[in-house]
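# Remarks on the overall topology
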Amino acid sequence: MRRRRASVVVVLAFLLLAAGCGGPDEAPRPTTASPTSTVAPSPRPSASDDEPASPPAAATTPAATRTAAPPSTAQPSVPAPAPPAPAPAPATPSPPAPDTHVPTALLGTDWERLPTTDRVVALTFDSGSSDSAVASILSTLATEHVSATFFVTGDFARRYPGQVAAIASAGHRVGNHSDSHEHYPALTDAQISDDLGHAEAAIVAAGATAAPWFRFPYGDRTSGDIRAVNAAGYVPVPWTVDTLGWKGTSGGQTKATVVQRTLGAAQPGEIVLMHVGANPDDGTILDAHALPEVIARLRAAGYSFVTVDRLRG
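Just so we're clear, the structure is a prediction, and the values are computed from it rather than from any experiment. (Residues numbered from 1 in each chain as written. Predicted model: local features only at pLDDT ≥ 70, side-chain atom pairs only at ≥ 80, totals over all residues. Heavy atoms only, no water.)

Secondary structure summary: the protein contains eight helices and eight strands in total. Within the span of the protein, comprising 313 residues, buried residues form 35% of the whole. When contacts within the protein are restricted to residue pairs at least 6 apart in sequence, long-range pairs at least 24 apart make up 78% of them. (Helix = DSSP H or I, 4+ residues; strand = E, 2+ residues; numbered from the N terminus. Buried < 20%, exposed > 50% of the residue type's maximum accessible area, 1.4 Å probe, protein only. Contact = heavy atoms within 4.5 Å.)

Next up on the list: the packing of aromatic side chains. All told, the structure shown has six aromatic pairs when counted by the stated rule. Ring centres 5.0 Å apart and planes at 80° place the aromatic pair Phe 214 and Phe 216 in the edge-to-face group. The buried category is assigned to Phe 216, whose relative accessible area is 3%. In this structure, Arg 119 packs its charged tip against the face of Tyr 303, placed 4.4 Å from the ring centre. (Phe/Tyr/Trp six-rings, centres within 6.5 Å; stacked < 30°, edge-to-face > 60°. Lys NZ or Arg CZ within 6 Å of the ring centre and 35° of its normal.)

Where helix 7 (residues 255-264) meets helix 8 (residues 286-300), the axes come as close as 8 Å, and the angle between the chain directions of the two elements is 40°. Overall, the two elements helix 7 and helix 8 adopt an arrangement that is oblique. Considering only the axes of helix 7 and helix 8, their crossing is right-handed. Residues Lys 255, Val 258, Val 259, Thr 262 and Leu 263 of helix 7 lie in contact with helix 8, whose contacting residues are Leu 286, Asp 287, His 289, Ala 290, Glu 293, Val 294, Arg 297 and Leu 298. By residue class, the composition of the contact of helix 7 with helix 8 is seven nonpolar, two polar and four charged. (Axes fitted to C-alpha atoms, helices over the stretch in contact; angles between N-to-C directions. Parallel < 35°, antiparallel > 145°, perpendicular 65-115°, else oblique. Left-handed = near helix turned anticlockwise from the far one by under 90°. Nonpolar A, V, L, I, M, F, W, Y, C, P; charged D, E, K, R; others polar.)

Below, the discussion takes up the pairing of strand 2 (residues 149-152). Here strand 2 shows two buried faces, one formed by Thr 149 and Phe 151 and the other by Phe 150 and Val 152. Where strand 1 (residues 120-127) and strand 2 come together, four bridges link them in parallel fashion. Across the sheet, the residue bridging to Thr 124 is Thr 149, located in strand 2. In the classification by handedness, the crossover that spans strand 1, the intervening helix 2 (residues 134-144) and the parallel strand 2 is right-handed. The pairing of strand 2 with strand 3 (residues 173-176) spans four bridges and is parallel. Considered in strand 3, the bridge of Phe 150 is made with Val 174. (Pairing = 2+ DSSP bridges. Right-handed = clockwise from strand over helix to strand, strands pointing away.)

Next up on the list: the confidence of the model for the protein. Averaged over every residue, the pLDDT of the protein is 80; residues scoring 70 or more account for 68%. Ignoring residues within four places in sequence, the model shows residues 8-76, a span with pLDDT below 50, making eight contacts including any to other chains. (pLDDT = per-residue confidence, 0-100.)

Turning to helix 7, a few remarks are in order. Among the residues of helix 7, Val 258, Val 259 and Thr 262 are the ones counted as buried. Around the axis of helix 7, the buried residues are gathered within 95° of arc, so they sit on the same side. Among the exposed residues of helix 7, those pointing more than 90 degrees away from its buried face are Gln 260 and Gly 264. (Arc of directions from axis to C-beta.)

What follows covers the pattern of salt bridges. Applying the stated criterion across every chain, the model contains nine salt bridges. Here Glu 112 makes a salt bridge to Arg 221, at a shortest N to O gap of 3.2 Å. Highlighted residues: Glu 112 in the loop between helix 1 (2-20) and strand 1 and Arg 221 in the loop between strand 4 (213-214) and helix 6 (223-231), separated in sequence by 109 residues. Residue class for Arg 221 comes out partly exposed when judged on its relative accessible area of 29%. With a shortest N-O distance of 3.0 Å, Arg 299 and Glu 144 are connected by a salt bridge. One end of the pair, Arg 299, is in helix 8; the other, Glu 144, is in helix 2, with 155 residues separating them in the sequence. The partly exposed category is assigned to Arg 299, whose relative accessible area is 36%. (Salt bridge = Lys/Arg side-chain N within 4 Å of Asp/Glu carboxyl O.)

Attention now moves to the nonpolar core. Leu 123, Phe 125, Ile 137, Leu 141, Phe 150, Val 152 and Leu 291 are the most contacted members of the largest nonpolar core, which totals 41 residues. Sorting elements by how many residues they give to this core places helix 8 first, with seven residues. Beyond its immediate sequence surroundings of up to four residues, Val 152 is in contact with Ser 127, Ala 157, Val 164, Val 174, Gly 175, Asn 176, His 177, Ser 178 and Ile 203. Leu 106, Val 120, Phe 151 and Ile 271 belong to the second-largest nonpolar core, a separate cluster that totals 14 residues. (Core = buried A, V, L, I, M, F, W, Y, C linked by side-chain atoms within 4.5 Å.)

Attention now moves to the pairing of strand 1. Within strand 1, eight of the eight residues are buried, which leaves it mostly tucked inside the rest of the structure. Residues of strand 1 alternate between two faces, with Val 120, Ala 122, Thr 124 and Asp 126 on one and Val 121, Leu 123, Phe 125 and Ser 127 on the opposite face, all of them buried. Both strand 1 and strand 8 (residues 304-306) contribute to a ladder of three bridges, which runs parallel. Bridge pairing in strand 8 places Ala 122 opposite Val 306. Examined bridge by bridge, strand 1 and strand 7 (residues 270-275) share six bridges and lie parallel to one another. Note that in strand 7 the partner of Asp 126 across the bridge is His 275.

Now the structure itself:
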C-alpha cells in the first residue's frame, strides 16, 4: 500500500510540472492590449525645402499640439509711382495794363482832336450794336500793324464778351461808351455815375479796362455832363470826323465816301469815328471795307497811327 501511494504521488508531481512549463520551440502567446492603454500617433514627416508644409487640419490634430501657419513670404503690394505732371505751358504775355489815372490837365474838356502838331491819327470804333465787322477790322489792323481805340457799351460787352477780349488781347485800347447808349443830357449826375459803373463792370468782366476814356452816346453832352463824367474818373473823347459809314448804302454812303470824308478832315491829331456794327437795314459794313484804303492813303500822306492814350502827351 505504501509503495502504491508513493507511486501515485510521483505521477501527480510529474503531471503538475509538465503543465506549468512550455517546451523550448513553443511560440509565445499573443498579448491583448488593455482597454485603457493609448497608442502614440506616428510623427508627421518633415517637409522638404522646396515645398512648404501645409498647416495641420484642426479636426485631426489636438489643440495643444496645433502650430500656426508659417508667415507669408509674399511682398506687400506697393502702388506704382504716379507719372510726373507735365510742365505747365508758358503763359501768353498779356498787354500792359492801361493807365487809368486822369491827368488834371485833361479835365473840363471833351477832346475832339489830339493836342499835337505831329502827323498822327487816332482811328476809333464805336461798339454798341452788332459785332458784324469786328473780325474784319481786327484782321486789317493786325495786317497793317495799326493800334486803334474801341469805345464799348456795357450791353455790347455782355452780349459779345469774346469780342471784347479779342480786342484787348490784340493790344488795342478800350474805352467806355455808356452802359446802354442812354442820352446823357437827360440823366442826373448820380445816374451818369451809376451808368458808367455798370458799363465798366461789364467791360472788366469781358477782359478789358475802359477807364479813363469815355465817349458820349450820340456825341450829345452838356458842360454839366462833362463835369459828372470827370467826377466818375473819365475823360470824354468825341471825334474830329464821322465817316458816316454806319448809315450804309441805304443812307446814301459808299466805301468811297468813307475814304473821302476821312482824308478830307486829315490833320495832326485827327480822331476818326467808325463803327463795328452792320447797318440794320442793308447789312453793310462800309467802315470795315474802307479801312485798308483809309490806312494806306493816310500813310501815303505822311500820317502814322496812335490810340487816344496819346492825349496824355
